[in-house]
Amino acid sequence: MSLKKGSGVQSAQIEQISTADLIPYARNARTHSDEQVAQIAASIREFGFCNPVLIDGENTIIAGHGRVLAAGRMKLETVPCLRLTHLTDAQRRAYVIADNRIALSSGWDSELLANELSDLHADEFDMALLGFDAKELETLLGFQAGAVTSADPPESSSSEVDVDGFSMGAKCPRCSFEFNPDKA
């Protein structure tokens, strides 16, 4: 299927729009936790603002509410936007839902993902930027919580252990990323 001539995208160019001029869609059912907004902000800091916010002719956000929240947290004055004017009101409202829901229907090729994560880990890339929690990374990378990273056996001790301050996490010997299932 091809788009009709004059598909309604007002401009194929990305516009820099003031964050103060963007209007969140009042009926957007998608929510963004503080943790997710922080993840989006970290992603923007690392990779740049790679995915423009989709807006209508009146600057109402169609897709990109989380990115705009992150931009606000980062005190960005403008964000890249793509103006969509070809959608009817019903299409625009439906696309707000579809854009979020359809992405949830995808899956992962576990082997390819594990290989890519392993290579990124070997490159000492900050694994926290990928959006997986520590427990997921432990599983995907094959780390075991509490694994001893030294070839030397642990020293035994007859003294008491303070169990309140004890953690069963594991620390990567290469990049010091801490995998702690208690925090996941």
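Look up a bit, the structure's there.
Calculation rules
- Residues numbered from 1 in each chain as written.
- Predicted model: local features only at pLDDT ≥ 70, side-chain atom pairs only at ≥ 80, totals over all residues.
- Heavy atoms only, no water.
- Helix = DSSP H or I, 4+ residues; strand = E, 2+ residues; numbered from the N terminus.
- Buried < 20%, exposed > 50% of the residue type's maximum accessible area, 1.4 Å probe, protein only.
- Areas by Shrake-Rupley, 256 points an atom, 1.4 Å probe, with all protein chains shown as cover.
- Pairing = 2+ DSSP bridges.
- Axes fitted to C-alpha atoms, helices over the stretch in contact; angles between N-to-C directions.
- Contact = heavy atoms within 4.5 Å.
- Parallel < 35°, antiparallel > 145°, perpendicular 65-115°, else oblique.
- Nonpolar A, V, L, I, M, F, W, Y, C, P; charged D, E, K, R; others polar.
- Core = buried A, V, L, I, M, F, W, Y, C linked by side-chain atoms within 4.5 Å.

Colleague: Would you explain the overall build of the chain in this entry?
Modeller: The helix and strand tally for the chain stands at 5 helices and 6 strands. Put simply, the chain runs from its N terminus to its C terminus through helices and strands in the order β-α-β-β-α-β-α-α-α-β-β. Counting over 184 residues, the chain shows a buried share of 28%. Just so you have it, the chain exposes about 12,800 Å², and 50% of that area is on carbon and sulfur atoms.

Colleague: Where do I start with unusual backbone geometry in this structure?
Modeller: Generally, phi is negative for residues other than glycine and the peptide bonds are trans, each holding for most cases. A positive phi angle, near 60 degrees, is found at Lys75, a position not held by glycine. Among the structural elements, Lys75 can be located in the loop between α2 (65-73) and β4 (78-83). For Lys75, a relative accessible area of 71% gives the class exposed. Phi is positive for Glu124, close to 60 degrees, though the residue is something other than glycine. With respect to the helices, strands and loops of the structure, Glu124 is situated in the loop between α4 (110-122) and α5 (134-141). Among the residues examined, Glu124 registers a relative accessible area of 52% and is labelled exposed.

Colleague: Looking at this model, I keep getting lost on the sheet that holds strand β1 (residues 15-18). Mind explaining?
Modeller: Strand pairing in a sheet is mediated by backbone hydrogen bonds. Such pairs are either parallel or antiparallel. Spatially, the 4 strands line up as an open sheet ordered β1-β4-β2-β3, and their pairing is mixed. Either end of the sheet is taken by a strand with one partner, and the two such strands are β1 and β3 (61-63). On average, each strand axis in the sheet is tilted by 55 degrees relative to the strand beside it, whichever way the strands run. Here β1 pairs with β4 via 4 bridges, running antiparallel. In the sheet register, Ser18 faces β4, and the bridge partner there is Thr78. Strands β2 (53-55), β3 and β4 of the sheet are contacted by α2, whose axis makes an angle of about 115 degrees with β3. Along the sheet, helix α3 (residues 89-104) makes contact with β2 and β3, crossing β3 at roughly 40 degrees.

Colleague: Please explain the packing of α4 against α5 as it appears in this structure.
Modeller: The description of two packed helices rests on the angle between their axes and on the distance between the axes. Contact pair α4 / α5: the axes reach a minimum separation of 9 Å and the direction vectors enclose 105 degrees. Judged by the angle between their axes, α4 and α5 are roughly perpendicular. Residues Leu113, Ala114, Leu117, Ser118 and His121 of α4 form the contact with α5, whose participating residues are Leu137, Leu140 and Leu141. Each residue belonging to the contact of α4 with α5 can be placed in one class, and the counts come to 6 nonpolar, 2 polar and no charged.

Colleague: Is there a simple way to think about the nonpolar core in this case?
Modeller: The nonpolar side chains of soluble globular proteins are, as a tendency, buried together. Of all hydrophobic cores here, the largest spans 15 residues; its most connected members are Leu22, Phe49, Val53, Ile55, Ala70, Val79 and Cys81. Broken down by secondary-structure element, the contributors of at least two residues to this core are α1 (34-47), β2, α2 and β4. The biggest single contributor to this core is α1, with 4 residues. Setting aside its immediate chain neighbours within four residues, Cys81 contacts Gln13, Ile14, Glu15, Ile17, Leu22, Pro52, Val53 and Ile55. Counting 7 residues, the second-largest nonpolar core is a separate cluster that includes Leu54, Ile62, Leu82 and Val96.

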